[in-house]
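# Observations on the three-dimensional arrangement
The primary structure of each chain is shown beneath.
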Amino acid sequence: MAGIYIHIPFCKQACHYCDFHFSTSMKKKTEMIEALAKEIITRKEEFSEKIETIYFGGGTPSLLLVDEINFLIGTIYSNYKVDAKPEITLEANPDDLSSEKIKALAQTKINRLSIGVQSFFEDDLKLMNRAHNAKEALRCLDNATKYFSNISIDLIYGIQHMSVEKWKKNIHTALSFNIPHISSYALTVEPKTALAKFIKTGAMPDVDDELAQQHFEILVEMLEKKGFVHYELSNFGKEGYFSRNNTAYWLGKKYMGIGPSAHSFDGKNRSWNINNNTKYLNSIHNGVLPKETERLSVTDRYNEAVMTGLRTIWGISLHKIENKYGKPYKDYLLKQAARYIKEDLLTFTDNKQTLKTGKKGKFLADGIASDLFMLKDIA
Ligand code: SF4
């Protein structure tokens, strides 16, 4: 089984915190759709497996017309073997989801919406420079839940000066729509973003890690009480509603990334397309795939297994580490993990065969993982 990710590199405006690849000029949208279809067709020999998930990410895929979405999905169906019950996700922003658009999307093969709400408060949305307002967020969820059962929303925590009460209200509002999946991320200061500049010049206060941790703990507690499984550091789903696309990625399955800046993984090699719309279009026009490829070393793959293992409920299987990468990797892992086990940040399960982050260590998973990384190949 494999997945296809399609990157739609356009947004109405730049959110202050975002470092994804997109352009705010829509002039080349039609040309881009044609180029994406051409890349899908050109790469069809790469996968003989069935396509289990299709994911429109970005950028802002909800800027596409329904006909354009149907055209891209149709191109995949005509050139690949697609599973009988695939998960087909569209990332969408609330301001694009009018009731007519949602109705029309429900007639397509899209069966999952991932909606970028981020906050239900006007001042937060303005601070982040989101294109939608709080009313649109509420209205779009009202409409979306009438036509789709599989819906995820994104929420951002750790926004400067956001009180605990306000954060709880955001979670309560999200829960009131009875949606089965929530992804939630800490506001992170990425280099070269407007947010980084505002903080550097003193126009905005810096983010506060302690506040973010407090918000995270509240989030975990409130969602688990409502029956959500915290299956990945930033992802919470009701049983049967975990993102199949992301889970496949975390479990190391193959995926093909189509479009500028999209990444691919064929089981051994990782590749990535150029992150420039004009260069991407020219290259596809000239029949050349604009991608670079890197073969992952044993150490790269060990490090990835450690990172995803600590972020997910599946943990790190010691048996798999030994089988796939060798005993020296397992020994190194146990040596590095010892102090975290002592501090109760990591715990053993399955007769000491699986290592997981404990309740205390969840928020720190990325930092702990980096301490368990191997820095160079074992000879
Ligand atoms: S809409 Fe999404 S991709 Fe576009 S700028 Fe905002 S966060 Fe980034």
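Before reading on, note that the structure itself is shown above.
Residues numbered from 1 in each chain as written. Predicted model: local features only at pLDDT ≥ 70, side-chain atom pairs only at ≥ 80, totals over all residues. Heavy atoms only, no water.

Before going further, it helps to spend a moment on the overall build of the chain. Counting its regular elements, the chain contains 14 helices and 15 strands. By the compact-globule yardstick of 21 Å for 379 residues, the chain fits well, its C-alpha radius of gyration being 21 Å. With the principal axes as the frame, the chain shows a C-alpha extent of 55 × 50 × 45 Å. Residue burial in the chain is summarised as follows: out of 379 residues, 51% are buried. For the chain, the computed accessible surface area is about 18,200 Å², with 51% contributed by carbon and sulfur atoms. (Helix = DSSP H or I, 4+ residues; strand = E, 2+ residues; numbered from the N terminus. Rg over C-alpha atoms; globule rule 2.2 N^0.38 Å. Buried < 20%, exposed > 50% of the residue type's maximum accessible area, 1.4 Å probe, protein only. Areas by Shrake-Rupley, 256 points an atom, 1.4 Å probe, with all protein chains shown as cover.)

The subject of this paragraph is the sheet that holds strand E15 (residues 354-357). Pairing within the open sheet is antiparallel, and its three strands lie in the order E13-E15-E14. Strands with a single pairing partner mark the edges of an open sheet, and in this sheet they are strand E13 (316-317) and strand E14 (346-349). Sheet analysis places E13 next to E15, joined by two bridges and oriented antiparallel. Counted as the bridge partner of Ile316 is Leu355 from E15. Each of E13, E14 and E15 is contacted by helix H13 (residues 327-342), which is oriented at about 115° to E14, the strand it contacts most. (Pairing = 2+ DSSP bridges. Contact = heavy atoms within 4.5 Å. Axes fitted to C-alpha atoms, helices over the stretch in contact; angles between N-to-C directions.)

This next bit is on the environment of Met256. When you line up the elements, Met256 lands in strand E9 (residues 254-258). For Met256, a relative accessible area of 0% puts it in the buried group. For the pair Met256 and Ile102, spaced 154 residues apart in sequence, the C-alpha separation works out to 27 Å. For Met256, the residues in contact, after removing those within four places along its chain, are Gly3, Ile4, Tyr5, Arg43, Glu46, Phe47, Tyr80, His263 and Ser264.

Once that is clear, we can look at the packing of aromatic side chains. The tally for this structure, following the rule as stated, stands at 12 aromatic pairs. Centroid distance Tyr231 to Trp250: 5.9 Å. Interplanar angle 65°. Geometry classified as edge-to-face. Taken together, the residues Tyr231 in strand E7 (residues 229-232) and Trp250 in helix H9 (residues 244-250) connect sequence positions 19 residues apart. For Tyr231, a relative accessible area of 0% translates into the label buried. Among the aromatic residues, ring-to-ring pairing joins Tyr157, Trp167, Phe216 and Phe363 into one connected group. (Phe/Tyr/Trp six-rings, centres within 6.5 Å; stacked < 30°, edge-to-face > 60°.)

Next up on the list: unusual backbone geometry. Residue Gly59 follows Gly58 across a cis peptide bond; omega there is 20°. Even without being a glycine, Lys192 presents a positive backbone phi close to 70°. Secondary-structure assignment places Lys192 in the loop between strand E6 (181-186) and helix H7 (194-201). Here the phi dihedral of Asn351 falls at roughly 55°; this positive angle occurs in a residue that is not glycine. By the element assignment, Asn351 lies in the loop between E14 and E15. Owing to a relative accessible area of 77%, Asn351 belongs among the exposed residues under this scheme.

The environment of the ligand is formed by Cys11, Gln13, Cys15, Tyr17, Cys18, Phe22, Gly59, Thr60, Asn93 and Arg130. Partitioned by chemical class, the residues of the shell around the ligand number five nonpolar, four polar and one charged. (Near = heavy atom within 4 Å. Nonpolar A, V, L, I, M, F, W, Y, C, P; charged D, E, K, R; others polar.)

Here we take up the packing of helix H12 (residues 318-325) against H13. Relative to each other, H12 and H13 sit at 140°, their axes nearing to 6 Å. Accordingly, the angle class assigned to the pair H12 and H13 is oblique. Residues Leu318, Ile321, Glu322 and Tyr325 of H12 touch H13, and the partners they reach there are Lys327, Tyr329, Lys330, Leu333 and Leu334. Classifying every residue of the contact of H12 with H13 by side-chain character gives six nonpolar, no polar and three charged. (Parallel < 35°, antiparallel > 145°, perpendicular 65-115°, else oblique.)

The subject of this paragraph is the nonpolar core. In this structure, Ile6, Phe56, Leu72, Ile110, Ile115, Phe120 and Ile153 are the most contacted members of the largest nonpolar core, which totals 77 residues. Excluding its chain neighbours within four sequence positions, the residues that come into contact with Phe120 are Ala134, Ala137, Leu138, Leu141, Ile153, Leu155, Asn170, Thr173, Ala174 and Phe177. Core analysis: the next-biggest nonpolar cluster, separate from the first, contains 19 residues, Leu345, Leu355, Leu372 and Met374 among them. (Core = buried A, V, L, I, M, F, W, Y, C linked by side-chain atoms within 4.5 Å.)

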